[in-house]
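Observations on chain architecture
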Amino acid sequence: MHLARFPRVFLAHLPTPLERMDRLTKELGGPEIWIKRDDCTGMSTGGNKTRKLEFLMAEALAEGADTVITQGATQSNHARQTAAFAAKLGLACHILLEDRTGSNDANYNGNGNVLLDHLHGATTSKRAGGTDMAAEMVTLALRLQGEGRKTFIIPGGGSNPTGALGYVNCALELLAQANDRALVIDHLVTATGSAGTQAGLITGLKALNSGIPLLGIGVRAPREKQEESVFNLALRTAEKLGCPGVVSRADVIANTDYVGAGYGIPRADTLEAIQLFAQMEGILLDPVYSGKGAAGLIDLIRKGHFKKGQRIVFLHTGGAAGLFGYDAVFAEHQKVMTV
Ligand SMILES: *Cc1c(COP(=O)(O)O)cnc(C)c1O
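Residues numbered from 1 in each chain as written. Predicted model: local features only at pLDDT ≥ 70, side-chain atom pairs only at ≥ 80, totals over all residues. Heavy atoms only, no water.

Description of the overall build of the protein
Looking only at helices and strands, the protein has 12 helices and 10 strands in total. For the protein, whose C-alpha radius of gyration is 19 Å, the value lies close to the compact-globule estimate of 20 Å for 339 residues. Counting only C-alpha atoms, the protein reaches 60 × 55 × 35 Å along its principal axes. The buried share among the 339 residues of the protein stands at 56%. Once local pairs closer than 6 in sequence are excluded, the contacts in the protein between residues at least 24 apart make up 81%. Accessible surface, the protein as shown: approximately 13,500 Å² in total, 53% of it carbon and sulfur. Charge-centre separation for the protein: the mean point of 34 positive side chains lies 2 Å from the mean point of 33 negative side chains. (Helix = DSSP H or I, 4+ residues; strand = E, 2+ residues; numbered from the N terminus. Rg over C-alpha atoms; globule rule 2.2 N^0.38 Å. Buried < 20%, exposed > 50% of the residue type's maximum accessible area, 1.4 Å probe, protein only. Contact = heavy atoms within 4.5 Å. Areas by Shrake-Rupley, 256 points an atom, 1.4 Å probe, with all protein chains shown as cover. Lys, Arg positive; Asp, Glu negative; His and termini not counted. Charge placed at Lys NZ, Arg CZ, Asp CG, Glu CD.)

So, the nonpolar core
Leu24, Val189, Phe277, Leu297, Phe306 and Phe314 are the most contacted members of the largest nonpolar core, which has 36 residues in total. Elements supplying a minimum of two residues to this core: helix H1 (22-28), strand E2 (32-37), strand E7 (187-192), strand E8 (214-218), helix H10 (268-281), helix H11 (290-302) and strand E10 (311-316). If near-sequence neighbours (up to four positions away) are discounted, valine 189 is found in contact with Leu215, Ile217, Leu297, Phe306, Ile312, Val313, Phe314 and Leu315. Among the nonpolar cores identified, the runner-up in size contains 26 residues, and Ala195, Leu201, Leu205 and Ala234 belong to it. (Core = buried A, V, L, I, M, F, W, Y, C linked by side-chain atoms within 4.5 Å.)

Some details on the site of the ligand
Lining the immediate environment of the ligand, one finds 16 residues, of which Lys49, Lys52, Gly193, Ser194 and Thr317 sit closest. In this structure, serine 194 approaches the ligand through a side-chain N or O atom, which is 2.5 Å from an oxygen atom. Taking 380 Å² as the accessible area of the ligand by itself, protein coverage stands at 98%. Mapped by element, the contributors of at least two residues to the shell around the ligand are helix H2 (49-62) and helix H8 (196-207). In terms of residue class, the shell around the ligand is made up of two nonpolar, 11 polar and three charged. (Near = heavy atom within 4 Å. Polar contact = N/O pair within 3.5 Å; in protein donor to acceptor, adjacent residues only side chain to side chain. Nonpolar A, V, L, I, M, F, W, Y, C, P; charged D, E, K, R; others polar.)

So, the pairing of E10
Burial within E10 is extensive, with five of its six residues counted as buried. Bridge count between E2 and E10: six bridges; the pairing is parallel. From the neighbouring strand, arginine 37 faces E10, where its bridge partner is histidine 316. In this sheet, E10 lies alongside E7 in parallel orientation, the contact comprising four bridges. (Pairing = 2+ DSSP bridges.)

Structural notes on the sheet that holds strand E9 (residues 253-255)
Remark on secondary structure: sheet strands pair via backbone hydrogen bonds, oriented parallel or antiparallel. With mixed pairing, the six strands of this open sheet are ordered in space as E1-E2-E10-E7-E8-E9. The open sheet has two edge strands, strand E1 (18-20) and E9, and neither has a second partner. Pairwise comparison of adjacent strand axes, ignoring direction, gives a mean angle of 30° for this sheet. In the sheet, E8 pairs with E9 via three bridges, with the strands oriented parallel. In the strand pairing of E9, isoleucine 217 is matched with asparagine 255. Running at roughly 130° to E2, helix H7 (residues 161-180) makes contact with E1, E2, E7 and E10 of the sheet. (Axes fitted to C-alpha atoms, helices over the stretch in contact; angles between N-to-C directions.)

What about the pattern of salt bridges?
For the coordinates displayed, the defined rule picks out 19 salt bridges. In this structure, the salt-bridge partner of aspartate 299 is lysine 303, at a minimum N-O distance of 2.9 Å. Take aspartate 299: its relative accessible area is 22%, and that puts it in the partly exposed class. Since its relative accessible area comes to 62%, lysine 303 is described here as exposed. (Salt bridge = Lys/Arg side-chain N within 4 Å of Asp/Glu carboxyl O.)

What to know about the sheet that holds strand E3 (residues 67-73)
The sheet built from four strands is open, its strands ordered E5-E4-E3-E6 with parallel pairing. For this open sheet the edge positions go to strand E5 (123-128) and strand E6 (151-153), each flanked by a neighbour on one side alone. Sheet twist, expressed as the mean angle between neighbouring strand axes with direction ignored, is 25°.

Describing the packing of H2 against H7
Close contact between H2 and H7 brings their axes to 7 Å; oriented N to C, the two are set at 140°. By the angle between their axes, H2 is oblique relative to H7. Here H2 and H7 pass one another in a crossing that is right-handed. Between H2 and H7, the contacting residues are Arg51, Lys52, Phe55, Leu56 and Glu59 on the first element and Thr162, Gly163, Leu165, Gly166, Tyr167, Asn169, Cys170 and Glu173 on the second. Its residues placed into classes, the contact of H2 with H7 shows five nonpolar, four polar and four charged. (Parallel < 35°, antiparallel > 145°, perpendicular 65-115°, else oblique. Left-handed = near helix turned anticlockwise from the far one by under 90°.)

Structural notes on the packing of aromatic side chains
In this structure the tally under the stated criterion is three aromatic pairs. Relative to tyrosine 326, the ring of tyrosine 108 has its centre 5.5 Å away and its plane inclined at 90°; by these criteria the two rings are edge-to-face. Remark: tyrosine 326 occurs in the loop between E10 and helix H12 (327-338) and tyrosine 108 occurs in helix H4 (residues 106-110); sequence separation between them is 218 residues. Taking the relative accessible area as the measure of exposure, tyrosine 108 reaches 4% and is therefore buried. Between arginine 51 and the ring centre of tyrosine 167, over which it is positioned, the NZ or CZ distance is 5.7 Å. It is arginine 100 that lies over the ring of tyrosine 263; its NZ or CZ is 4.4 Å from the centre. (Phe/Tyr/Trp six-rings, centres within 6.5 Å; stacked < 30°, edge-to-face > 60°. Lys NZ or Arg CZ within 6 Å of the ring centre and 35° of its normal.)

Details of the side chain of arginine 37
Structurally, arginine 37 is set in strand E2. Exposure remark for arginine 37: the relative accessible area of 13% places this residue in the buried category. Among the polar contacts made by the side chain of arginine 37, one reaches the side chain of glutamate 19 at a distance of 2.9 Å. There is a polar contact of 2.9 Å between the side chain of arginine 37 and the side chain of aspartate 39. Ignoring any residue separated from it by four or fewer positions in sequence, one finds arginine 37 in contact with Thr16, Pro17, Glu19, Ile283 and His316.

Here you go:
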């Protein structure tokens, strides 16, 4: 497992801090809760896509691309971070945004990540929810190639074996930090969506024989589907790394009880988790991913799933830029809370 063998652009702010959350730990009265600050990776407010894009964008450059194409939901953090990388590297960036929520809210559709996509000079175009976005990207690539562009397609969420290398790197980094301070990690918890983060982490954790179990809290798909997509990507990532077979199906665990009505639609416990982190720790989560991940973490602690004396690390995957697309949801939630 030697990441230096893979092309990479070094743009992330690494290592990200590993911090203890004392007030939240005390409030919940359970295990010691730590946070790995991958919301601080740099590139347009940071987030988990930065680590993936270091490898993905290096591949685009190696192939001689002058244009990158990617896709995501309207408030996609991946789209925003891809736009920032493209700006930094002098590439054109075209983003296809899928309307997964059907929201007509002006801020949801124009503020937050969408505002930043455009600030970075990317072009965006919308597609209806349920569109085959991978096929749409190919159609767009063919059109741009017809105009003489050299295109490179980055899958949604940057989740393929190349992007997952970024989270193999995170596993290496986290383990080194824990070893340096004699911190025994009993469990690692993270939000899981397009699967690259969880797949890269589990591949790294297993290849290093860390013994640290990983729990993904789902934000979209049902459990079986989520675990299968993480496992399939982990298999391919391990192969790419030269350590095939290090991940077994039983290593891949997702809890999808906190998704609610669907992707991008926060539940009351999502918003409460965001408020708790903001008010106890001064840390900003987001309504689509890290808020749901934290809601799962909090609920599992309250239910006694993690015990006093254990040390739990929550990987903060970022996403706070999306908060500005969700102000109406918070306004509604406050109203409910104050009546
Ligand atoms: C994309 C994203 C995730 C999910 O990561 P995947 O690798 O897609 O599973 C979690 N949190 C935030 C903030 C994200 O933008």
